[in-house]
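# Coordinate inspection notes
So the chains spell out like this:
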Amino acid sequence: MRRYFYTLLATFVLLFVSSSSAFPTKRTDRAIKKVLKEFQAVGISAAVVKDGKIVYNNSFGYKDLESKTPLRNDHLMRIASISKSFTATALMQLVEQGKISLDDDVSGLIGFRIRNPRFPDTPITLKMLLSHTAGLRDKGGYSTLDRINPAINGDCAGAYFEYEPGTKYHYSNLGLNLAGSILEKVSGVRFDEYIRKNIFEPLNIYGGHNVDELDKSRLASIYRFRKNRLVRSKGAYRSTADKMPTYVMGYSTPIFSPTGGVKITAHDLAIYMMMHMNYGEYNGVRLISEKSAKLMQTPVSEGRTRYGLCLREYVNFIDDDKCNVAGQYLVGHTGSAYGLKSIMIWSPVDGWGIVAMTNGFALNHNKDIRRALANAIYNACIKR
């Protein structure tokens, strides 16, 4: 009897320890639901990575408000500017192949002169585009290269800031659409197809830039908050079919939005994130070299921005001093467009990462829902 009692006790202790050390799924669920309620969000999808594995993936709220269809983990959502890192990753592949250099004058890569007319002798390089130090302005639009084409727009002065290229940071969607056009021009493969074949397929993930090649039934509707109500943003998933008959390789590329056009699930974005967390490799598949991956994650501009090549370091994003000490900064990117908000952020030191996205929300309380989500998830299942 005594032996039986001790065996039973040992089994109970083992079960207790195992259950207490398991991933806190319910606590994480509650934390995300609290943010959903606080911001009156339409839907939220999230994934958590620890030690090279996806340990959490769940979705809450609605895929669309009209039918009240629940948001599922396999629903796709546009992620806006996190897409920039896909464009940079693809360009680093061409750099490694020796087809281009980060120091190349983009004029020679795109096929027409790209110059700030105030500094005609200062080349604008590919590295400047990817680090947002080229001095290009989004004011006036960024959906076409006509704004920076002298044959169409004269000296193009309105497309540039007044400082010398390479000397200051200023976020530019126009610059990344130009970078995506260069990818297409140099590779000879249409931009959306290149990203699909060289990033999505090797990682065995689903999604992409071209909405016409995706399962539209899986697209989560995006909503803006306008005049005290949520309004569907139809432009978030605009078809490009009507533009294809006149498509010009290496010039019409912005219609796929290299700057913000990726549609993907939180789960598959977490897989892509793990590739960058592991410096270019995931599950035995290497997309870029360790050197290229580290270069993308190394700030070009210091100070508050700390922006590298379409990835940046984050300071004071997570409210934990441990994450805000030099050498332990978080890395990643965020996105915002059409009413959606997205985040992909990880700790290179501790090996955890968070992906979260929302397809719209009504209230912000002067707070950033991405930061609220990241902190809620971090406090629920990562913080020690």
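See the structure above.
### Brief notes about the sheet that holds strand E4 (residues 77–78)
- As summarised here, the arrangement of the three strands in space is E4-E8-E5, forming an open sheet in which the pairing is antiparallel. Both edges of this open sheet fall to E4 and strand E5 (207–208), since each of them pairs with a single strand only.
- The pairing of E4 with strand E8 (residues 263–264) spans two bridges and is classified as antiparallel. Bridge pairing in E8 places Arg78 opposite Lys263.

### A short note on the sheet that holds strand E3 (residues 69–70)
- Here we have seven strands laid out as an open sheet, ordered E3-E2-E1-E14-E13-E12-E11, and antiparallel in their pairing. In the strand order of this sheet, the two ends are held by E3 and strand E11 (312–314), each with one partner.
- Sheet topology note: the strand E1 (residues 43–50)/strand E2 (residues 53–64) ladder contains eight bridges and is antiparallel. The residue bridging Ala46 from the neighbouring strand is Asn58, located in E2.
- Packed onto the sheet, helix H2 (residues 25–38) meets E1 and E2 and runs at close to 35° relative to E2.

### So, the pairing of strand E12 (residues 330–337)
- Of all eight residues in E12, six are buried, a share of seventy percent or more.
- Where E12 meets strand E13 (residues 340–346), seven bridges bridge the pair, whose relative direction is antiparallel. For His333, the partnering residue across the bridge sits in E13 and is Met344.

### Let's talk about empty space enclosed by the protein
- A full pass over the atoms with the stated rule returns one cavity of 30 Å³ or more.
- By volume, the largest cavity amounts to about 30 Å³.
- In this structure, the largest cavity is lined by Lys322, Cys323, Gln328, Leu330, Ser347, Val349, Asp350 and Trp352.
- Per-class residue counts for the lining of the largest cavity are four nonpolar, two polar and two charged.

### Some points on the nonpolar core
- Judged by nonpolar contacts, the single largest core of 81 residues is most densely connected at Phe86, Leu129, Leu130, Leu178 and Leu269.
- With nine residues, the top contributor of residues to this core is helix H9 (residues 266–277).
- Once residues lying within four places of it in the same chain are set aside, the contact partners of Leu129 are Val106, Ile124, Ala134, Leu136, Gly175, Leu176, Leu178, Ala179 and Ile182.

### What about the packing of helix H3 (residues 83–96) against helix H7 (residues 173–187)?
- Running from amino to carboxyl end, H3 crosses H7 at an angle of 35°, the nearest separation of the two axes being 10 Å. Read as a crossing pair, H3 and H7 show a hand that is left-handed. Between H3 and H7, the contacting residues are Lys84, Thr87, Ala90, Leu91 and Leu94 on the first element and Asn173, Leu176, Ala179, Gly180, Leu183, Val186 and Ser187 on the second.
- When its residues are assigned to classes, the contact of H3 with H7 shows seven nonpolar, four polar and one charged.

### Description of the layout of surface pockets
- Taken as a whole, the largest pocket spans an internal volume of roughly 610 Å³.
- In terms of lining, the largest pocket is formed by 32 residues, of which the most central are Arg78, Tyr142, Pro254, Ser257 and Tyr338.
- At the level of elements, H7 and E12 are the ones that each hand at least two residues to the lining of the largest pocket.
- A total of four residues in the lining of the largest pocket trace back to one element, the largest contributor, which is E12.
- Split by residue class, the lining of the largest pocket holds 11 nonpolar, 15 polar and six charged.
- Around the second largest pocket, the lining is made up of 13 residues, and of these Arg304, Thr305, Arg312, Tyr314 and Val315 lie nearest the centre.
- A per-element tally of the lining of the second largest pocket places E11 first, with three residues.
- Partitioning the lining of the second largest pocket into residue classes produces four nonpolar, three polar and six charged.

The rules behind each value
- Residues numbered from 1 in each chain as written.
- Predicted model: local features only at pLDDT ≥ 70, side-chain atom pairs only at ≥ 80, totals over all residues.
- Heavy atoms only, no water.
- Pairing = 2+ DSSP bridges.
- Helix = DSSP H or I, 4+ residues; strand = E, 2+ residues; numbered from the N terminus.
- Contact = heavy atoms within 4.5 Å.
- Axes fitted to C-alpha atoms, helices over the stretch in contact; angles between N-to-C directions.
- Buried < 20%, exposed > 50% of the residue type's maximum accessible area, 1.4 Å probe, protein only.
- 1 Å grid on protein atoms, 1.4 Å probe; cavity = no way out; pocket = protein on both sides within 12 Å on 5 of 7 lines; lining within 4 Å.
- Points joined across faces, edges and corners; volume = space filled by probe spheres on them.
- Nonpolar A, V, L, I, M, F, W, Y, C, P; charged D, E, K, R; others polar.
- Core = buried A, V, L, I, M, F, W, Y, C linked by side-chain atoms within 4.5 Å.
- Left-handed = near helix turned anticlockwise from the far one by under 90°.

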